[in-house]
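# Residue-level structural notes
If you want the building blocks of each chain, they are given just below.
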Amino acid sequence: MRSLVVLAVLAGALLTPARAAHAEAEAAPRAGIHVRDGRLVEASGSDLVLRGVNHDFMWYPDRNSSFAAIKAAGANAVRLPLGIGHQWRRSDTEDIAKVVGLCRANRLICILDAHDTTGFGQDRKAATMAQAVQFWLDVRGALAGSEDHIIVNIANEPFGNGTTMPWVQQTSDAIRALRAAGYRNALMVDAPGWGQDESFVMRDNAEKVRDADPQGNTLFDIHMYGEFGTAGKVNSYLSSFTDRRLPILIGEFSGEHQWGDPDEDAIMAFAEARELGYFGWSWSGNDKQYSYLDLVDDFDAGKLTAWGRRFISGPNGLTTGTREATVYRNSGAASPPRAPQQVRVLDVTSSQVVLSWKPRRYATYQVVAVDGAAETRVLTTNRSTVTLRGLRGSTEHTFAVYSRDLLGARSPRSALVAAVTTPAS
């Protein structure tokens, strides 16, 4: 026993004060979402892999049906830009309480980001990190007790490009200020370089920033656009964090971008292989020239864009193994949703069939073509009436429908329906 005590004392002496504090924080009991051994976990200790989308609440505060639609698409989380009154309308405590309630009602983990800091140092309109901190201090009351379902993203893309930006010092100061004010939520910090860390400032100084948090409860956020156009760049950057057991997620990415073509396949595949969180940009509402970033058209979940189809149901997409946070799960095993009822054919032409079924609140549906024992996915929608196009004429087609509930559980298959398309004219 004496030798063990001596070894323990020597090991403690080798830790710097910052690392000792970090180790103590890692060992302490936690409430809510927190970092443990480089991973994001819940109070229960369950691993928490966040998968979701960015929803532009700051610009569209009344598009609140989007929360249910995002959940129905398979997400377990949503990232919400908030205005702090510098560039954009300030989100007040009522706005904060509103989004917290919407996230809870729709069983989503919520990341709130102070957005006005985007590109500080190069964008003259951008807010400072200190102004973002003051915003969080002002709305502290609206977030009290939210540690199990809210993550505070201190500042969105807080600096532009370059190696002289004081990202390390100001980010560390911001973390200390929020902890001193009583914030116990997990904190998330964005990379400089418009979020893409083009000079590797965040990558090379991540331990310093982690050690600035007396609670050891900070995770890192990289945005992957044109800087991440190859699988090698994606894998190298993310591996540099996971190899050091530093928690990281991809807070924004897209399938294309005006400044370079992101490798979305590599981003999603690596995130799936390493069980990292990711958030697509964005649900809907981007300016017309950037409409390629919309996952759905005009906030209509039944109108997936090409990016939406890739992101939601493509390889390693949102519907691939996304699990709801345990804080929202019932203690008992939930029964699967019922199969869609009253599936019927409404109309048939030479090239299309219109199907309908009884709608169910907050459900999403998957229509499949059935050929004997084989099924082929046709489309995914949150509507209960759909038009299946591009069919061959003078042919019998058989279809069925599955539904998914808010937990992502899939129902049994509906009854089969058949339709014979008319001869092509």
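Our structure's up above, just so we're on the same page.
Residues numbered from 1 in each chain as written. Predicted model: local features only at pLDDT ≥ 70, side-chain atom pairs only at ≥ 80, totals over all residues. Heavy atoms only, no water.

Let's shift gears to the nonpolar core. Among the nonpolar cores identified, the biggest contains 75 residues, and Trp136 and Trp283 are the most heavily contacted of them. Among the nonpolar cores identified, the runner-up in size contains 16 residues, and Ala77, Ile109, Leu249 and Tyr328 belong to it. (Core = buried A, V, L, I, M, F, W, Y, C linked by side-chain atoms within 4.5 Å. Buried < 20%, exposed > 50% of the residue type's maximum accessible area, 1.4 Å probe, protein only.)

A full pass over the atoms with the stated rule returns 14 aromatic pairs. Arranged with centres 6.0 Å apart and planes meeting at 70°, the rings of Phe120 and Phe159 form a pair that is edge-to-face. One end of the pair, Phe120, is in the loop between strand 5 (109-114) and helix 5 (129-138); the other, Phe159, is in the loop between strand 6 (150-153) and helix 7 (167-180), and 39 residues separate them in sequence. Residue class for Phe120 comes out partly exposed when judged on its relative accessible area of 27%. Taking the centre distance of 5.0 Å and the plane angle of 65° together, the rings of Phe135 and Trp136 count as edge-to-face. Both residues of the pair, Phe135 and Trp136, belong to the buried class. An aromatic cluster of three or more residues is present, and its members are Phe200, Phe220, Phe228, Tyr237 and Phe241. Directly above the aromatic system of Tyr183 lies the positively charged group of Arg140, at a separation of 4.7 Å from the ring centroid. Arg410 extends its terminal NZ or CZ atom over the ring of Tyr402, reaching a point 3.8 Å from the ring centre. (Phe/Tyr/Trp six-rings, centres within 6.5 Å; stacked < 30°, edge-to-face > 60°. Helix = DSSP H or I, 4+ residues; strand = E, 2+ residues; numbered from the N terminus. Lys NZ or Arg CZ within 6 Å of the ring centre and 35° of its normal.)

Turning our attention to the sheet that holds strand 11 (residues 344-348). Strand order across the open sheet formed by 3 strands is 11-12-15, with antiparallel pairing between neighbours. The outermost strands of the open sheet, each flanked by one partner alone, are strand 11 and strand 15 (385-388). Taking each pair of neighbouring strands and ignoring which way they run, the sheet shows an average axis angle of 25°. Relative to strand 12 (residues 353-356), strand 11 runs antiparallel, the two sharing 4 bridges. The partner of Arg344 across the bridge, within strand 12, is Ser356. (Pairing = 2+ DSSP bridges. Axes fitted to C-alpha atoms, helices over the stretch in contact; angles between N-to-C directions.)

Attention shifts here to helix 5. Buried residues of helix 5: Met129, Ala132, Val133, Phe135 and Trp136, and no others. An end-on view of helix 5 places all buried positions within 155° of arc, on one side of the element. Considering only its buried residues, helix 5 is in contact with strand 4 (77-82), helix 4 (93-105), strand 5, helix 6 (140-143), strand 6 and helix 7. (Arc of directions from axis to C-beta. Contact = heavy atoms within 4.5 Å.)

Moving on, we get to helix 3 (residues 65-72). Burial runs high along helix 3: 7 of the 8 residues are buried. Residues of helix 3 that are buried include every one of Ser66, Phe67, Ala68, Ala69, Ile70, Lys71 and Ala72, and no others. Close packing links the buried residues of helix 3 with strand 3 (51-54), strand 4, helix 4 and strand 13 (364-371). Looking one or two residues past helix 3, Gly74 carries a phi angle of roughly 115°, positive in sign.

Another aspect to go through is the packing of helix 7 against helix 8 (residues 201-211). Remark: helix 7 packs on helix 8, axes separated minimally by 10 Å, with the N-to-C direction vectors making an angle of 40°. Here the hand of the crossing between helix 7 and helix 8 comes out right-handed. Across from Trp167, Val168, Thr171, Ser172 and Ile175 in helix 7, the residues of helix 8 making contact are Val201, Met202, Asn205, Lys208 and Val209. Considered class by class, the residues forming the contact of helix 7 with helix 8 number 6 nonpolar, 3 polar and 1 charged. (Left-handed = near helix turned anticlockwise from the far one by under 90°. Nonpolar A, V, L, I, M, F, W, Y, C, P; charged D, E, K, R; others polar.)

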